[in-house]
Amino acid sequence: MSKRVLTTESGAPVADNQNSATAGVGGPLLLQDQHLLEKLARFNRERIPERVVHARGSGAYGYFEVTDDVTAYTRANFLGEVGKRTETFIRFSTVADSLGGADAVRDPRGFALKFYTEEGNYDLVGNNTPVFFIKDPIKFPDFIHSQKRDPFTGRQEPDNVWDFWAHSPEATHQITWLMGDRGIPASYRHMNGYGSHTYQWTNEAGEAFFVKYHFKTNQGIRSLSAEQAAELVGKDANSHQTDLLQAIERGVNPSWTLYVQIMPAAEAADYRFNPFDLTKVWPHADYPLQRVGRLVLDRNPDNVFAEVEQAAFSPNNFVPGIGPSPDKMLQGRLFAYADAHRYRLGVNHTQLPVNAPKATAADNYGRDGLMATRNGSRHDKNYEPNSYQGPAQTDAALSAPLAVHGWTGTHEAPQHAKDDDFFQAGELYRLMSEDEKKRLVANIAGGLSQVSREDVVEKNIAHFAAADADYGKRVREAVEALRD
């Protein structure tokens, strides 16, 4: 077997990879040492900008298999036949911390799934919670700034976290999720995933339905207490990455069962609360879970940077039969996610192997830009329409049109009969056992008691009391006890 030859980036053989070129023995380095300069310049550029949110993540390949007929609701090809399998890639992540953070922390988890379908890639970008802290994307940069490291102290500050929440009563439901027993999953395998947003399905007849996705873990829910998590972080900051990697390498392939809630589009306008509000869930009594299929992860990436760090998920990547809803947070993410990837990875990031379609091929008039690998030949035109047999539009919309009316302007979300920011948080609290309530209150009080401004503390306690009087009373008592 012939020995492989080390080369420069241009393919020239490297004569010496141990010693830099110098002006005589022991002399200064030479600018002409192209191999040295190339290595150092490339090394300086090994790190691309990390994600502003969801920076720390793990990923795996697998497949989605349809187990139940849902063709009455969507014409999406990959959901069109029981038994049909579609290759997938998933990226799990924490939200607030940097790439160097720990896995076992109290934070929502990203659950981003890419389906490599015959009709193009479909990206479903969700979390391990069915709700979120805010309902309008204009507040998202401010929310993340409040959760990130303070510009002065360089650490996450309870004053900032709870001050933003004090002025955002709609966050009460998600805070109750985050501070409860499921706030720190034991591993990525032992948590559920949710589309969180409301999406639209359209069937062959053109009928529209609004849907919510629920991926239920088949490994069972397992979570960590704050004490268990602190101990685990001290032992292995990469605990979730380690668990996922080793499980798949052992052939213990994690899986989830996908269910959806389906609302006929005509029912949305008169539903008792806004069905497009990301801070709320649809009660299962109103719209029961309907099984769709199962997600199985069975292959680890060969290179974490190439396949996990460079993976780009954009909720605007729809396929025929699936589209957006009027969910304001979703509408904002349709732009923001793709734009973030253009900044981090370049305009041609969709041509990277992990992001490129696998069951079909991209064919459009996008050209040039950094790292362009698909520019066409002398026979390919870069404009449309043309007379040279270039790709042309189908005239078939991916999903049903949404009716709009009224005046342009900055409007609050439309009010439904029972819209409020606290009722569902109270419902969640009342579902908890006595021990779960104690742990929830202790987790909230641990952070809230560190806030320096009394008015911020009072505003937050008022939110919990509005959700449930007992909830607010217990938080107040716990905060006071920690401050005494």
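For the structure itself, consult the block above.
Residues numbered from 1 in each chain as written. Predicted model: local features only at pLDDT ≥ 70, side-chain atom pairs only at ≥ 80, totals over all residues. Heavy atoms only, no water.

K.L.:
Before we move on, could you go through the overall build of the chain and cite the residues and values that matter?
P.N.:
A tally of regular secondary structure across the chain gives 12 helices and 10 strands. For 484 residues, the compact-globule formula gives about 23 Å, and the C-alpha radius of gyration of the chain, at 25 Å, lands near that figure. A burial count over the chain gives 46% of its 484 residues as buried. Considering only intrachain contacts with a sequence separation of at least 6, the fraction spanning at least 24 residues in the chain is 73%. For the chain, the computed accessible surface area is about 24,900 Å², with 53% contributed by carbon and sulfur atoms. (Helix = DSSP H or I, 4+ residues; strand = E, 2+ residues; numbered from the N terminus. Rg over C-alpha atoms; globule rule 2.2 N^0.38 Å. Buried < 20%, exposed > 50% of the residue type's maximum accessible area, 1.4 Å probe, protein only. Contact = heavy atoms within 4.5 Å. Areas by Shrake-Rupley, 256 points an atom, 1.4 Å probe, with all protein chains shown as cover.)

K.L.:
Which residues make up helix H12 (residues 469–483), and what values go with them?
P.N.:
The end-to-end C-alpha distance of H12 is 21 Å, a good match for the 21 Å that 15 residues give at a rise of 1.5 Å each. Those residues of H12 that sit buried are Tyr471, Gly472, Val475, Ala478 and Val479. The buried residues of H12 occupy one face: seen down the axis, they fall within an arc of 135 degrees. Exposed residues lying more than 90 degrees from the buried face of H12 are Ala469, Lys473 and Ala481. On its buried face, H12 is in contact with helix H4 (172–179), helix H9 (423–431), helix H10 (434–448) and helix H11 (454–467). For H12, the N-terminal capping position is held by Asp468, with its side-chain oxygen 2.9 Å away from the main-chain nitrogen of Asp470. (Expected span 1.5 Å × (residues − 1). Arc of directions from axis to C-beta. Polar contact = N/O pair within 3.5 Å; in protein donor to acceptor, adjacent residues only side chain to side chain.)

K.L.:
Describe the packing of aromatic side chains, naming the residues involved and giving the relevant values.
P.N.:
Where two aromatic rings form a pair, the distance of their centres and the angle of their planes describe that pair. In this structure the tally under the stated criterion is 31 aromatic pairs. Considering the side-chain rings of Phe143 and Phe164, the 5.7 Å spacing of their centres and the 45 degrees angle between planes classify their relative orientation as tilted. Of this pair, Phe143 sits in helix H2 (residues 140–147) while Phe164 is found in helix H3 (residues 158–166), placing the two residues 21 residues apart along the sequence. For the pair formed by Phe143 and Phe164, the shared burial category is buried. One aromatic cluster is present, formed by Phe132, Phe133, Phe140, Phe143, Trp162, Phe164, Trp165, Tyr429, Phe464 and Tyr471 through successive ring pairs. In this arrangement the basic side chain of Arg85 is found over the ring face of Tyr63, its NZ or CZ atom lying 4.0 Å from the centre. Here the basic side chain of Lys358 rests over the ring of Tyr116, its NZ or CZ set 4.9 Å away from the ring centre. (Phe/Tyr/Trp six-rings, centres within 6.5 Å; stacked < 30°, edge-to-face > 60°. Lys NZ or Arg CZ within 6 Å of the ring centre and 35° of its normal.)

K.L.:
How would you sum up unusual backbone geometry? Please name residues and give values.
P.N.:
Along the chain, Glu384 connects to Pro385 via a cis peptide bond; the corresponding omega equals 5 degrees. Structurally, Pro385 can be placed in the loop between helix H8 (328–345) and H9. Not every positive phi belongs to a glycine, and Asp368 is a case in point at roughly 65 degrees. By the secondary structure assignment, Asp368 is in the loop between H8 and H9. Backbone geometry places Asp395, a non-glycine residue, at a positive phi of 65 degrees. Among the residues examined, Asp395 registers a relative accessible area of 68% and is labelled exposed.

K.L.:
Run through the pairing of strand E6 (residues 199–202), naming residues and quoting values.
P.N.:
Alternating residues of E6 divide into Tyr199 and Trp201 and Gln200 and Thr202, and every residue in both groups is buried. Relative to strand E7 (residues 208–217), E6 runs antiparallel, the two sharing four bridges. Looking at the pairing, Gln200 lines up with Phe210 of E7. Hairpin geometry of E6 and E7 is characterised by an intervening segment of five residues between the two adjacent antiparallel strands and by a positive phi of about 85 degrees at Gly206. Bridge count between E6 and strand E10 (residues 322–323): two bridges; the pairing is antiparallel. By the bridge assignment for E10, Gln200 is matched with Gly323. (Pairing = 2+ DSSP bridges.)

K.L.:
Residues and numbers for H11, please.
P.N.:
Between its first and last C-alpha, H11 extends 20 Å over 14 residues, near the 20 Å set by a 1.5 Å rise per residue. Buried residues belonging to H11 abut H3, H4, H9, H10 and H12.

Honestly, that's just the spatial picture; any functional story needs more than this.
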